[in-house]
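Overview (structure and organization)
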Amino acid sequence: MEKIVIYDFLMALMLWVLYRYGGKVSRSKRLFSRAGWTAIVVYTLNEGLRFGRGIDYNAYWKVYEKIANGRLTEDMDFGFVYFAKTLSSVGLPWQGCVLIMNFLFIVSSLCFLRNYNNCLKYALPLWVLFSYSQAENVMRWFTGFSFILVGLALLQRDGKRKFLYFMLLSAFGCIFHFGLIPVPILFLIFTRLDKPLASPVQTIFAALIVLGIMQYASFKGYVELFNYFALMSDRFSGYANDTEYWLTKASSVGSLNNLGGILDFVLSLFMLSIGYDVCKRAGKNYVFAYNLFLISCIFRPLTAQMELLNRYDTLIYTFRALVYAIIIKHTLLQVKLKRQPVWYPILIFVVGVNLALPLITPLRNDPRKYLYVWDSKGITADKMYDVYINDRKQK
């Protein structure tokens, strides 16, 4: 229990620093001011010093050692292989690689969020809050995404070669993880949209239709879909082989088969309804984030059931942080106490619950999942890997 308390304290401290210094960053003309570097360092240390944090951390720990010793026998996306070879060649251990991967993610996040400078104070901690649990686990996925995110930041700004830079950075991100190939394509399409894809009523209707279909559809046909994606990279074969687990109620963590998933789904629809007019008024960049949030919410009953699709969803669902940030600034904090609309107390409740939900996980019964490097004495990758695998089999 003590380890969980320490973890919660450090997480709360990090989010407070990001909130405090996010406001200072927004007032600075420099991309990386002293306040910006403070936020980067705090995030990098807190997340980069986490130990044994999920299945991928421990699986890639062994892969990294194989690459370092020249014993990698399996095919792997060559961007990550060269990345690992470079770091291991200078004597950097696996934890050092983890530190650098977190550094790349927060730097790219800050580059992108500077496009939303007017609400950066709220957007930065929300962005981290909504992404950290997945970023801790699927690290190679989020590291590849980091390069795409920098390209997206440039694509949203004025510049003659912004499309070229976006394509180059996206290509680099995709060779880090081949599964990311659809992501820049999606971003290119959505950056061209200047209004929301659907009204709140249409969004709710579409989401309920997808939810209804998923309650009665047979999942056997999705095995071929997983096998198709497995051809893109041998790393996906694990997802395809594990289809039976993900297409049953055993995959209910984060899905709509549990109270937390249902609550998250309903509250997201409410925030989309509130954010519709706010994001339209805020400009094209916010419409971009709104549309990603909208698509993620509509198809969440599907993506929550399948790990491969869920990985895509973890990326686009993070963009809801920008919708929440602009709602907080232009709606929640602008309503005068004497002129509160009927839905205002509901909005306060929804925002509060959404801030709390990411911190409430089903893992809190096991302190071994909340370790830092100073807790790691005598613990091996195999031991931590088994902790997560055994937990997953029991669900």
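Residues numbered from 1 in each chain as written. Predicted model: local features only at pLDDT ≥ 70, side-chain atom pairs only at ≥ 80, totals over all residues. Heavy atoms only, no water.

Considering the environment of Leu-208
Here Leu-208 lies in helix H10 (residues 200–216). Judged by relative accessible area, which is 48%, Leu-208 ranks as partly exposed. (Helix = DSSP H or I, 4+ residues; strand = E, 2+ residues; numbered from the N terminus. Buried < 20%, exposed > 50% of the residue type's maximum accessible area, 1.4 Å probe, protein only.)

Here's the deal with the layout of surface pockets
The space that makes up the second largest pocket amounts to roughly 320 Å³. Leu-186, Ile-295, Tyr-312, Asp-313 and Ile-316 are the residues nearest the centre of the second largest pocket, which is lined by 16 residues in total. Counting residues per element, the ones that place at least two in the lining of the second largest pocket are helix H9 (182–191), helix H15 (284–298), helix H16 (300–303) and helix H17 (307–317). For the lining of the second largest pocket, the per-class residue count stands at 13 nonpolar, two polar and one charged. (1 Å grid on protein atoms, 1.4 Å probe; cavity = no way out; pocket = protein on both sides within 12 Å on 5 of 7 lines; lining within 4 Å. Points joined across faces, edges and corners; volume = space filled by probe spheres on them. Nonpolar A, V, L, I, M, F, W, Y, C, P; charged D, E, K, R; others polar.)

A word on empty space enclosed by the protein
If you walk through the whole model with that rule in mind, you get one cavity of 30 Å³ or more. Considered as a void within the structure, the largest cavity measures approximately 50 Å³ in volume. Contributing to the lining of the largest cavity are Tyr-43, Arg-53, Met-101, Asn-102, Phe-105, Ala-135, Met-139, Phe-142 and Thr-143. Counted by class, the lining of the largest cavity contains six nonpolar, two polar and one charged residues.

With respect to the confidence of the model for the protein
Confidence along the protein averages 81 in pLDDT terms, with 77% of residues attaining 70 or more. Low pLDDT, under 50, characterises residues 230–234; the predicted model gives this stretch nine contacts beyond four residues in sequence or across chains. Predicted confidence is poor over residues 236–254, with pLDDT under 50, and the contacts of this stretch with residues over four places away or in other chains come to 42 contacts. (pLDDT = per-residue confidence, 0-100. Contact = heavy atoms within 4.5 Å.)

A closer look at helix H7 (residues 139–155)
If you check H7, its first and last C-alpha atoms are 24 Å apart, about what 17 residues at 1.5 Å a residue would give, namely 24 Å. Burial analysis of H7 places 15 of its 17 residues in the buried class, the great majority of the element. (Expected span 1.5 Å × (residues − 1).)

What to know about the environment of Leu-164
Its location among the elements puts Leu-164 in helix H8 (residues 162–176). Along the backbone, Leu-164 and Gly-151 are 13 residues apart, and their C-alpha atoms lie at a distance of 8.9 Å.

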